[in-house]
Amino acid sequence: MADSGKNSDSSVVRRTTAIKWSLFRNLILLIIFIAIAILVTIRTIGMHTVRTLSEDNINKTSALSMAAIEQLFAPVRKVLDFSRELGEKSVFDPLNAASMNRVFMPILNTVKQVTSLNTGDQDGNGYLLLKLQDCWKNRIVTAETVGRTTDWLEFDASGERQLTAYKKSIKYDPRQRLWYRETAVNQNNPVNIIWTDPYTFFTTKEPGITAAINVQPPGKTAYVLAMDILLKDISEYTIKQKPSKHGFVAVLTKNGKVIGFPNHPAVTVLADRNKLLLQPVEKLGILPLIQAFKSWCGEQKRTDKTFAVNVDGEKWWASLQLYFLNKRDCFFVAVMVPDADLMQGLWFQQLLTIGITCLALLVAGIMSILLARKYSFPLEMLVRQTEAIGDLNFDEIHGVDSDIREVDSLARAHKKMRNTLDSFTRYIPIDVVRTLMKRGDAAKVGGSRQYVTTFFSDIADFTAISESMAPEKLTAHMAEYFDMILDVLDRHQATIDKLVGDAVVAFWNAPQELEQHETYALAAVMECVERLAVANQKWTEQGMPALYTRFGLHAGEVIVGNIGSSIRLNYTILGDTVNLGSRLEGLNKYYGTNVLVSETVMQANDEYEFRKVDLVAVKGKIEPVTIYEPLGKKGEVDTTVLNFRNEYETAFTAYLEHDFSAGLTTIERMLIVSPDNLSLQFLQQRIKICLKNPPPADWNGAEKFVNK
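Residues numbered from 1 in each chain as written. Predicted model: local features only at pLDDT ≥ 70, side-chain atom pairs only at ≥ 80, totals over all residues. Heavy atoms only, no water.

Asks: Is there a simple way to explain unusual backbone geometry in this structure?
Replies: It is generally the case that most residues other than glycine have a negative phi and that most peptide bonds are trans. At the junction of Ala-510 and Pro-511, the peptide bond is cis and its omega measures out at 0° in the coordinates. With respect to the helices, strands and loops of the structure, Pro-511 is situated in the loop between strand S19 (503–508) and helix H13 (517–541). Here the phi dihedral of Ser-90 falls at roughly 60°; this positive angle occurs in a residue that is not glycine. Tracing the sequence through the fold places Ser-90 in the loop between helix H1 (19–88) and helix H2 (97–110). A positive phi angle is found at Gln-516, which is not glycine, with a value near 55°. Along the chain, Gln-516 falls in the loop between S19 and H13. (Helix = DSSP H or I, 4+ residues; strand = E, 2+ residues; numbered from the N terminus.)

Asks: Sorry, what's going on with the pairing of strand S20 (residues 549–564) here?
Replies: Remember that side chains alternate between the two faces of the sheet whenever the strand is regular. When you tally the buried positions in S20, you get 12 out of 16 residues, the bulk of the element. Sheet topology note: the S20/strand S22 (residues 595–598) ladder contains 3 bridges and is parallel. If you follow Gly-552 over to S22, its bridge partner there is Leu-596. (Buried < 20%, exposed > 50% of the residue type's maximum accessible area, 1.4 Å probe, protein only. Pairing = 2+ DSSP bridges.)

Asks: Would you explain a nonpolar patch on the surface in this entry?
Replies: Together, Leu-30, Phe-33, Ile-34 and Ile-38 make up an exposed nonpolar region whose accessible area comes to about 400 Å². Tracing the chain through its elements places Ile-34 in helix H1. (Patch = residues over 30% accessible without salt bridge, like charges linked within 9 Å, V, L, I, M, F, W, Y side chains within 5 Å. Areas by Shrake-Rupley, 256 points an atom, 1.4 Å probe, with all protein chains shown as cover. Salt bridge = Lys/Arg side-chain N within 4 Å of Asp/Glu carboxyl O.)

Asks: Help me understand the packing of helix H12 (residues 471–491) against H13, please; the structure alone is not making it clear to me.
Replies: Think of two packed helices as two axes; the pair is described by the angle between the axes and how far apart they sit. Packing of H12 against H13 brings their axes to within 9 Å, and their N-to-C directions diverge by 155°. In terms of axis orientation, H12 runs roughly antiparallel to H13. The two elements H12 and H13 meet at a crossing, and its hand is right-handed. Two secondary-structure elements touch here, H12 through His-477, Glu-480, Tyr-481, Met-484, Ile-485, Asp-487, Val-488, Leu-489 and Arg-491 and H13 through Ala-524, Glu-527, Cys-528, Arg-531, Leu-532, Ala-535, Lys-538 and Trp-539. Each residue belonging to the contact of H12 with H13 can be placed in one class, and the counts come to 10 nonpolar, 1 polar and 6 charged. (Axes fitted to C-alpha atoms, helices over the stretch in contact; angles between N-to-C directions. Parallel < 35°, antiparallel > 145°, perpendicular 65-115°, else oblique. Left-handed = near helix turned anticlockwise from the far one by under 90°. Contact = heavy atoms within 4.5 Å. Nonpolar A, V, L, I, M, F, W, Y, C, P; charged D, E, K, R; others polar.)

Asks: Could you clarify how one ought to interpret the pattern of salt bridges in this entry?
Replies: Working definition: two side chains of opposite charge can pair if their charged atoms are close together. All chains considered together, the criterion is met by 18 salt bridges. For the salt bridge of Arg-84 with Asp-81, the shortest nitrogen-to-oxygen distance reads 3.2 Å. Note that Arg-84 and Asp-81 are positioned in helix H1 at a spacing of 3 residues, about one turn of the helix. The exposure class assigned to Arg-84 is buried, which follows from its relative accessible area of 9%. Arg-449 serves as the salt-bridge partner of Glu-557, at 3.3 Å between the closest nitrogen and oxygen.

Asks: Looking at this structure, how should I read helix H3 (residues 178–185)?
Replies: Given 3.6 residues per helical turn, the α-helix brings residues three or four places apart onto the same face. For H3, every residue scored as buried is listed here: Trp-179, Tyr-180, Glu-182 and Thr-183. Contacts from the buried residues of H3 go to strand S3 (114–121), strand S8 (194–195), strand S9 (199–200), strand S10 (207–215) and strand S11 (223–230).

Asks: Even after reading the chapter, I still don't get the packing of helix H16 (residues 639–656) against helix H18 (residues 678–692), so can you show me in this structure?
Replies: Closest axis-to-axis distance for the H16/H18 pair is 11 Å, and the angle between their directions is 20°. Comparing the axis directions of H16 and H18 gives the class roughly parallel. Of the two elements, H16 crosses H18, and the hand of that crossing is left-handed. Residues Phe-644, Tyr-648, Ala-651, Phe-652 and Tyr-655 of H16 touch H18, and the partners they reach there are Ser-679, Leu-680, Leu-683, Arg-686, Ile-687 and Cys-690. A per-class count over the contact of H16 with H18 returns 9 nonpolar, 1 polar and 1 charged.

Asks: Is there a simple way to think about the sheet that holds strand S13 (residues 258–260) in this case?
Replies: Two orientations exist for strands paired in a sheet by backbone hydrogen bonds: parallel and antiparallel. An order of S13-S12-S16-S15-S14 is seen for the 5 strands of this open sheet, with the pairing classed as antiparallel. Of all the strands in the sheet, just S13 and strand S14 (307–311) have a single pairing partner and so form its edges. Each adjacent strand pair in this sheet contributes to an overall mean axis angle of 35°, direction not counted. Examined bridge by bridge, strand S15 (residues 314–324) and strand S16 (residues 330–338) share 9 bridges and lie antiparallel to one another. By the bridge assignment for S16, Trp-316 is matched with Pro-338.

Asks: Would you explain the side chain of Thr-183 in this entry?
Replies: Mapped onto the elements of the fold, Thr-183 is located in helix H3. Residues within four places of Thr-183 in sequence aside, it is in contact with Ile-194, Ala-212, Ile-213, Asn-214 and Val-224.

Asks: Before we go on, may I ask you to explain the pairing of strand S7 (residues 162–168) in this structure?
Replies: Here strand S6 (residues 150–156) runs beside S7; their pairing, made up of 6 bridges, is antiparallel. What sits directly across from Trp-152, in S7, is Tyr-166. Counted between consecutive antiparallel strands, the loop separating S6 from S7 contains 5 residues, among which Gly-159 sits at a positive phi close to 80°.

Asks: Looking at this structure, how should I read the nonpolar core?
Replies: Soluble, globular proteins show a tendency: their nonpolar side chains are buried together. Ranked by size, the top nonpolar core spans 74 residues in total, and within it Phe-73, Phe-104, Trp-195, Leu-225 and Leu-289 carry the most contacts. It is H1 that provides the largest number of residues to this core, a total of 9 residues. Discounting residues that sit within four places of it in the chain, Phe-104 has contacts with Ser-83, Phe-92, Leu-117, Leu-129, Leu-225 and Met-227. Judged by nonpolar contacts, the second largest core, of 38 residues, contains Phe-455, Ala-494, Met-526 and Ala-535. (Core = buried A, V, L, I, M, F, W, Y, C linked by side-chain atoms within 4.5 Å.)

Asks: I tried to follow the environment of Leu-615 on my own but got confused; where do I start?
Replies: The topology assignment puts Leu-615 in strand S23 (residues 608–617). Distance in space between the C-alpha atoms of Leu-615 and Leu-656 is 9.0 Å, their sequence separation being 41 residues. Excluding residues within four positions of it along the chain, Leu-615 makes contact with Pro-624, Val-625, Thr-626, Phe-652, Asn-700, Gly-701, Ala-702 and Glu-703.

Asks: I keep staring at the packing of aromatic side chains and nothing clicks. Help me out?
Replies: Given two aromatic rings, one states the distance between the centres and the angle between the planes to describe the pair. Within this structure, the stated rule accounts for 27 aromatic pairs. Considering the side-chain rings of Trp-296 and Phe-332, the 4.9 Å spacing of their centres and the 70° angle between planes classify their relative orientation as edge-to-face. With Trp-296 in helix H6 (residues 287–299) and Phe-332 in strand S16, this pair connects stretches of sequence that are 36 residues apart. Here the aromatic cluster, defined as three or more aromatic residues joined through ring pairs, consists of Phe-644, Tyr-648, Phe-652, Tyr-655, Phe-660 and Trp-699. Of note, Lys-168 hangs over the ring of Trp-152, and the distance from its end group to the ring centre comes to 4.9 Å. Of note, Arg-611 hangs over the ring of Tyr-648, and the distance from its end group to the ring centre comes to 4.5 Å. (Phe/Tyr/Trp six-rings, centres within 6.5 Å; stacked < 30°, edge-to-face > 60°. Lys NZ or Arg CZ within 6 Å of the ring centre and 35° of its normal.)

Coordinates in, geometry out; function isn't part of it.
Laid out in structure tokens, this is it:
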């Protein structure tokens, strides 16, 4: 410990340092310097290595992906070129289904990725060969029936035996299909294969892509021949790819639509993943992929260059390469690898260095402390304990042992003082006292205006419960009850005001300011309700009375501070807000509810569902207030509860708007399902009174409560 002293031969003040701290400081500084030097070296070399590895890994994965996708599309090109040659030699007749089936059923059996074949000419004649798991289907459209009906033929899996033939009234015209229109536009260049943009197929309603060619047999009508490939075939490849532990591969169109979804938890957990196909990349919800696509499009990066994106502080390496179906048509092959996957080895080296450094620091600390432990350590502990007692912090205080008589006597006196003060803190809110001491407000009479949330709770029928139990059992039962309630309030940062019999009074946002204190308050009440439900069941099974508790919450301006006299103070709250919070707790018994909150609490908790219960004018309040029952967090409340809420609020709105007949009709319908609901009974009674004695035009519908 450093202190200041004056040299006997000089007036110069100098600082002195204990041996323990001098050794400790110098050893620690040396070890830290060496550790930093090693970490910087490892980091510099590691980052270069990671960059190199990431580029190599991503480029390798991209190359493999491009090759795999080429294996998917290359056979289709070859088959189309071959089909053009056969068509121009009139090997098959596009107007004869038997001729087409004989040629193309074996071809589609060989080229598995082609699921169907279409033809169409300028007169509207069309032919479809559709390959299914257990059969084949033909759809035939003629120039005479185009746009009205289609003929269908169904064959067994071998294609040799016709199973059935039927007609369908479908307004199908091959000339209106995307593959026909785009190919017909390019009929002056019949050599090229035309690839459509991905779209949803007319017949199977599955997303896919179509490759088409112009066929111009000599002396005959030219036509378009097209082959369909399902996008799910691309996804079957991409979902198998894992360039790293958390990396993935995806395929996107030029405008960012998904045609090959990745192996990512956001996708793999979905039962019907194929619905993501042809959806914008944003629909996947995979932020690294979304950011990489936007970055590439925004910065126009080279397609063969690996680049990095940052998402919520996490670094990802990305590569977006274009796969060209032909000179015009292409799409992206995206490879994504998180930096964390590549940094694992580097992190291990860093952790090892940090571990060795910590071990060295521990050894240095032990060595330096042992040098003067016998004399200085007990005194230092007592100094720290004195400071802790001054802050009313007793949790970190432990006994001090020493074989030095004076130190031992001081330690025993410390222990006695600590025990005395620790016992006293059981009777006062110690956190409040500690906060006020830090602000310099302790032991001063006075208060200030503050916006707070007030909490009131009370046990229903507690008088009857207390009369039915022996005092000892009642005390033990209430101790368990208060332990639970106060634990919840403490964890939700409430200030406990007082315990009045079976009631608890608490508030938030004083003396310690707390943002969104209304949210903390409601979360505390909802947890109290949940824990009480479990506890009451346990107590009932043990033969003890259940403690059904009512709660009231209200947020508003109060006077908060030290209230009392110069010889006795109480840190509490006063004002109309306090009274209203207390009234809300009491109103529960009229509506059969456990919790009632004011509009100020409701408006501050938009993540919760509420039921508007009533408009009331309580004792001591001139202006009526709207009260609400919290139902639970949005998305977690049962549909039955929400439907009840909606019907009740409909009836209540009708009541407020003087439409008493409509309100009564709704209430009586609800009472059939919930005959014991007090809020329904209460509203029904008031509506009937209004029907019998209609209120004046300026009546606001508020229910007046004159009792507390």
